[in-house]
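# Observations on chain architecture
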Amino acid sequence: MALFEVEALTYYYGGSERPALCGVNLEIDEGEFVLLVGGSGCGKSTLLRALSGLVPDFYGGVIGGRVRYRGKAGEIGFIFQDPENQLVMTGVEREIAFGLENTGVPGREMKRRIAEVMDYLNISALKSAHTFDLSGGQKQMVVLASVLAMQPRVLLLDEPTSQLDPVAAEELLTNVRRMNEDLGLTVVLVEQRLERCFHLADRVLVMQGGCLLKNSCPADAVLYGLDAESPFVPPLPRFFARAGSAGIPLTVAEGRKQIRALLPAAAIRGRSGGAGEREKTGKDAAPREKLLEIKNLSYTYPEAPKPAVRDVSFSVAPGEVAAVIGENGGGKSTLLKNICGLLRPQRGRVNLSGRDTGKQKVHELAKQVGYLAQNPNDYLFNDTVRREVAFGLKSAGGPADDSVDEILAGLRLTGVRDVNPRDLSGGERQRVALASVLVRKPRVLLLDEPTRGLDAQLKAEMGEYLMNLAADGVSIIIVTHDIEFVAEYARRVMIMFDGEIVADGDKRAVMNNSLYYAPQLNKVFRGYYEGVVTFQDALDTLKWCRYEVG
Amino acid sequence: MFSYRDKNLFLQSLHPFTVMVYSGVLVFLALACSHPVLLLALYLVLLVNVKLVDGFAAYKNFAPFFVIVVVMIILINPLFSRLGGTILFSLPELPVTGRISFTLEAVLYGLNMGLRLLVVVTAFFLYNQAVNPDRAFALFARLAPGTAMLAALTTRLIPHLANQFKSVKEVQQTRGVAFDRPGLISKINSYYPLLKVIMLTALENALNIAEAIQSRAYGSGHRSYYSRERVQVRDVLVLSASLGALAAGVALSALGWAGYRFYPQLGVLFATPGQVLMLSGLVAAAALPALLNWGWKYWPYLKWRL
């Protein structure tokens, strides 16, 4: 008998005439790991809330159909996107105790559960820490601990890794999988970075427009996604399906087995150097025009024991797309803030078209250097999307012109131009924030985690849009943890570690064979063909190999 | 701003109720008594306590604000007070206010008011440095759960808003907004969108937090408590000293010895030896926690006994 039974579930948020869920039928068995995928605003989060009872208990609205849970109240744990908005207490230990106190668990039992859960998640060292002092990953782990301490039978997770760096995200998902396997917890996960979790799921649910389109095992979901030309298929299975492989692998290990079957034996034995040799590295390339030049830049925050950015030098040519990747706290965002003038280099300089920007004020520099901060909500205060985007022109003293509508069209926001930006989904908000930066037509565009919260479709669209901007001569520097996005769209990659740039060059030179900063497809081809970084690289390599060797 | 840090210090080891009573008594004394020597002594006692909870660095951040408020009180009081017989200097005759004279008595009265304000503010500061907000929440949640939750969330909200103010200002600057333009209208135009963003985001976050709290069964029924705060010897000593200081303050007020005559001319500081004795007793009682704090830090035996 299923743990959850959802029958003909239809739901309208209060004041909305469009259903957020539309006739959803679903059963979830105890101990299953279910992955829920779909575009922004397709109803994934609403379905999770309906499973937990928050819809309609918390949100109100109009509900039809039935959600039946065969368990007791209080057995469903929920983890949301932003850990910041889930923490209540100032201390970690008390935070974990919060839910237990609310359910009336006796004091001694609480102590035992807290000790166990902290050991289980390996966060005992944080027991006396303040929640303010934790990193995003640690905060989300504390939230997970506080939910797990309540001993739920079901764990619902709504994009729990969207605010985390890859290391923290991996750790969180590994722990969720462990709970599913060790404790038999039923898990329903909504996630955008599918390459991280497709292989973890027993079942994949594909949603669109509030409807459940597909309910199947991951391999069938991949085939369905490919038939429907859905972007919600991770690059690895998409590649093998496109290559005509008999089986569809979901992990790198499975992929490597498959690739041996796909490639001719001669090619496997003899070949090294492939796509990577097709392009020269940035350092070997001929001298280029320098639009932006950073010389020996160093910056130390007040009261910090060591510099956040140390002796960094590089230049960016017009139309170049460079990505800066690396650990959290490695100095990436500080570097961007030094370039756009929010911070001033204590040593070194930033030149734009050969002129030192040190004496220009931030709002003056903003005419040439656009900066997209991490949180799109920091941009949104106007009544409509159009006004929000036009604000950049207004603050420069000019009237809103046709360029606003052009940018809205380019970022597929025309349909919501008269909507309040605060009523939009996370992905749409991100695009509105980007539009409000682009409206000033900057020559240099600095993007801090631009793909955070975007689904695969929107990410691909943003990538294409950035490529068009680059073709128009805009230099783009992207700070991101999204390795797959970097692999597809950046030309040059810099790795920052402890305030220094430790690698800088063409993406194939930097990402190839990287232990950590390599996309999945590169890991699949590692040892057989070097320099496979993008999806197209992988297809080209396979084609070349079959033609040349086979 | 949230600046509490667990350092296993004496005042931090007290029961939250004890610290609340001690700080409350100091605030009451500052409001009920206006004798400048008493206020100065209470302020010095508080400063010693702040030092002993390692709160000086955080206190220094607030110092400019305190100084500005005190200076304003000192300057404003003579504008409205026509009392006092010792004229220091006079401003020229003005149409509405007439001639304003700054008298020694009015300036000293203003200074005394400023000192009183400093004692009150520093007592609150000390409470914040000495009591872990989570322990305070645990204590007050038994009495008024809704209010305690509100206070806990507010404690978290303030530093969050301060960080957000900084990041939204940065974003607005990069959108071409100049915050350094002179003139009140320009400032309002620059800061209005910034405040709007902060307000809107705070409202959205409030909804998210409410949802997260509900999903963790807040308000679902009977509540239990993770830890029980125990009253120990040190609590009894500090509570006794606080009640002693309170009793002395009430007695001083009843006898008319808690105040000081500023107008029309400055009175004598101490009317009788009995007043000196009672004031000394009050200050000694108020200083007892600081003394125990010192002992806790430097005398292991005392720490063990307490």
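Our structure's up above, just so we're on the same page.
These lines cover the structure that appears in this document, whether it is placed above or below. (Residues numbered from 1 in each chain as written. Chains lettered and ligands numbered in written order. Predicted model: local features only at pLDDT ≥ 70, side-chain atom pairs only at ≥ 80, totals over all residues. Heavy atoms only, no water.)

## Side note on the nonpolar core
Residue and element names in this part refer to chain A. Residues L445 and I476 are the most contacted members of the largest nonpolar core, which totals 77 residues. If sequence neighbours within four positions are ignored, I476 has contacts with E320, V321, A322, L445, L447, L466, L469 and A470. Ranked by size, the runner-up nonpolar core spans 55 residues in total, among them L100, M110, A169 and V176. (Core = buried A, V, L, I, M, F, W, Y, C linked by side-chain atoms within 4.5 Å. Buried < 20%, exposed > 50% of the residue type's maximum accessible area, 1.4 Å probe, protein only. Contact = heavy atoms within 4.5 Å.)

## Focus: the sheet that holds strand 2 (residues 21–28) of chain A
All names here are of chain A. An order of 2-1-4 is seen for the three strands of this open sheet, with the pairing classed as antiparallel. Each of the sheet's edge strands pairs with one partner strand only, and the pair in question is strand 2 and strand 4 (62–69). For this sheet the average axis-to-axis angle between neighbouring strands, irrespective of direction, equals 15°. Here five bridges tie strand 1 (residues 4–12) to strand 2, and the two strands are oriented antiparallel to one another. Residue pairing in the sheet places V6 in a bridge with L26 of strand 2. Across the face of the sheet, helix 1 (residues 44–52) comes into contact with strand 1, strand 2 and strand 4 while running at roughly 60° to strand 2. (Pairing = 2+ DSSP bridges. Helix = DSSP H or I, 4+ residues; strand = E, 2+ residues; numbered from the N terminus. Axes fitted to C-alpha atoms, helices over the stretch in contact; angles between N-to-C directions.)

## Side note on the environment of V96 of chain B
All names here are of chain B. Along the polypeptide, V96 turns up in the loop between strand 1 (87–90) and strand 2 (101–103). Given the relative accessible area of 81%, V96 is considered exposed. Taking the C-alpha atoms as reference points, V96 and S215, 119 residues apart in sequence, are found 62 Å from one another.

## As for the environment of R526 of chain A
Residues and elements named next belong to chain A. Checked against the element boundaries, R526 lands in the loop between helix 19 (520–525) and helix 20 (535–548). The sequence separation of R526 and G370 amounts to 156 residues, and the corresponding C-alpha distance is 37 Å. The residues contacting R526, other than those within four sequence positions of it, are R256, N513, S514 and A518. Among the polar contacts listed, one links the side chain of R526 to the backbone oxygen of S514, at a separation of 2.7 Å. (Polar contact = N/O pair within 3.5 Å; in protein donor to acceptor, adjacent residues only side chain to side chain.)

## With respect to helix 3 (residues 36–52) of chain B
All names here are of chain B. Spanning 17 residues, helix 3 covers 24 Å between terminal C-alpha atoms, matching the ideal 24 Å at 1.5 Å per step. Of all 17 residues making up helix 3, twelve are buried, and the element is well covered by its neighbours. Among the residues of helix 3, P36, L38, L39, A41, L42, Y43, V45, L46, L47, N49, V50 and L52 are the ones counted as buried. The elements touched by buried residues of helix 3 are helix 1 (10–13), helix 2 (16–32), helix 4 (56–80), helix 5 (104–130) and helix 10 (273–298). Immediately beyond the C-terminal end of helix 3, within one or two residues, lies D54, with a positive phi of roughly 55°. (Expected span 1.5 Å × (residues − 1).)

## Some points on unusual backbone geometry
Along the chain, V55 of chain A connects to P56 of chain A via a cis peptide bond; the corresponding omega equals 10°. Looking at the element boundaries, P56 of chain A is found in helix 2 (residues 54–57). The omega torsion of the bond from Y263 of chain B to P264 of chain B falls at -5°, within 30 degrees of zero and hence cis. Looking at where P264 of chain B falls in the secondary structure, it is placed in the loop between helix 9 (233–255) and helix 10. Non-glycine residue N122 of chain A carries a positive phi angle of around 60°. On the secondary structure map, N122 of chain A appears in the loop between helix 4 (107–120) and helix 5 (136–148).

## Description of the sheet that holds strand 16 (residues 444–448) of chain A
Residue and element names in this part refer to chain A. Strand order in the open sheet formed by six strands is 15-16-17-12-18-19, and the pairing between neighbours is mixed. Strands at the two margins of the open sheet, each flanked by one partner only, are strand 15 (369–372) and strand 19 (500–506). This sheet shows a mean twist of 15° between the axes of neighbouring strands, independent of strand direction. With six bridges joining them, strand 18 (residues 492–497) and strand 19 adopt antiparallel strand pairing. Residue pairing across strands places M496 opposite I501, the latter belonging to strand 19. Each of strand 15 and strand 16 touches helix 15 (residues 426–438); the most contacted strand, strand 15, lies at about 165° to it. This element, helix 16 (residues 456–471), spans strand 12 (321–326), strand 16 and strand 17 (475–479) of the sheet and lies at about 145° to strand 17.

## Some remarks on a nonpolar patch on the surface
Taken together, V67, I68, V71, M72, L75, I76, L79 and F80 of chain B make up a surface patch of nonpolar side chains, about 750 Å² in accessible area. The topology assignment puts I68 of chain B in helix 4. (Patch = residues over 30% accessible without salt bridge, like charges linked within 9 Å, V, L, I, M, F, W, Y side chains within 5 Å. Areas by Shrake-Rupley, 256 points an atom, 1.4 Å probe, with all protein chains shown as cover. Salt bridge = Lys/Arg side-chain N within 4 Å of Asp/Glu carboxyl O.)

## Digging into the packing of helix 2 of chain B against helix 9 of chain B
To characterise two packed helices, one gives the angle between the axes of the helices and the distance between these axes. Residue and element names in this part refer to chain B. Their axes nearest at 9 Å, the elements helix 2 and helix 9 cross at an angle of 15°. What the angle tells us is that helix 2 and helix 9 run roughly parallel. In the packing of helix 2 onto helix 9, the handedness of the crossing is left-handed. Together, T18, V21, Y22, V25, F28, L29 and A32 of helix 2 and D235, V238, L239, S242, A245, L246, G249, V250 and S253 of helix 9 make up the contact between the two elements. By residue class, the composition of the contact of helix 2 with helix 9 is eleven nonpolar, four polar and one charged. (Parallel < 35°, antiparallel > 145°, perpendicular 65-115°, else oblique. Left-handed = near helix turned anticlockwise from the far one by under 90°. Nonpolar A, V, L, I, M, F, W, Y, C, P; charged D, E, K, R; others polar.)

## A look at helix 11 (residues 332–339) of chain A
Residue and element names in this part refer to chain A. For helix 11, the buried fraction is high: seven of the eight residues fall into the buried class. Turning to helix 11, its buried residues are K332, T334, L335, L336, K337, N338 and I339. One or two positions beyond helix 11, positive phi appears at G341, with a value near 90°.

## What to know about the interface of chain A and chain B
Taken together, the 62 residues of chain A in the interface contact 57 residues of chain B. Carbon and sulfur atoms make up 53% of the surface buried where chain A meets chain B, a total of about 5,300 Å² over both sides. For the interface between chain A and chain B, the tally reads eight salt bridges. Close ionic contact of E95 of chain A with R216 of chain B constitutes a salt bridge, the shortest N to O distance being 2.8 Å. The interface formed by chain A and chain B contains 26 residue pairs in polar contact (both at pLDDT 80 or more). Listing elements by their share of the side of chain A that touches chain B, those giving two or more residues are helix 2, strand 5 (76–79), helix 3 (92–102), helix 4, helix 12 (362–365), helix 13 (385–395) and helix 15 of chain A. Ranked by residues supplied to the side of chain A that touches chain B, first place goes to helix 3 of chain A with nine residues. Among the residues making up the side of chain A that touches chain B, the classes are represented as 28 nonpolar, 17 polar and 17 charged. (Buried area = accessible area lost by both parts, 1.4 Å probe.)

## Things to note about the environment of L157 of chain A
Residue and element names in this part refer to chain A. Inspection of the secondary structure assignment puts L157 in strand 6 (residues 154–158). Using a relative accessible area of 0% as the deciding quantity, one classes L157 as buried. Along the primary structure L157 and F33 are separated by 124 residues, whereas in three dimensions their C-alpha atoms are 11 Å apart. Not counting chain neighbours up to four residues away, the residues in contact with L157 comprise L48, I79, V176, V187, V188, L189 and V190.

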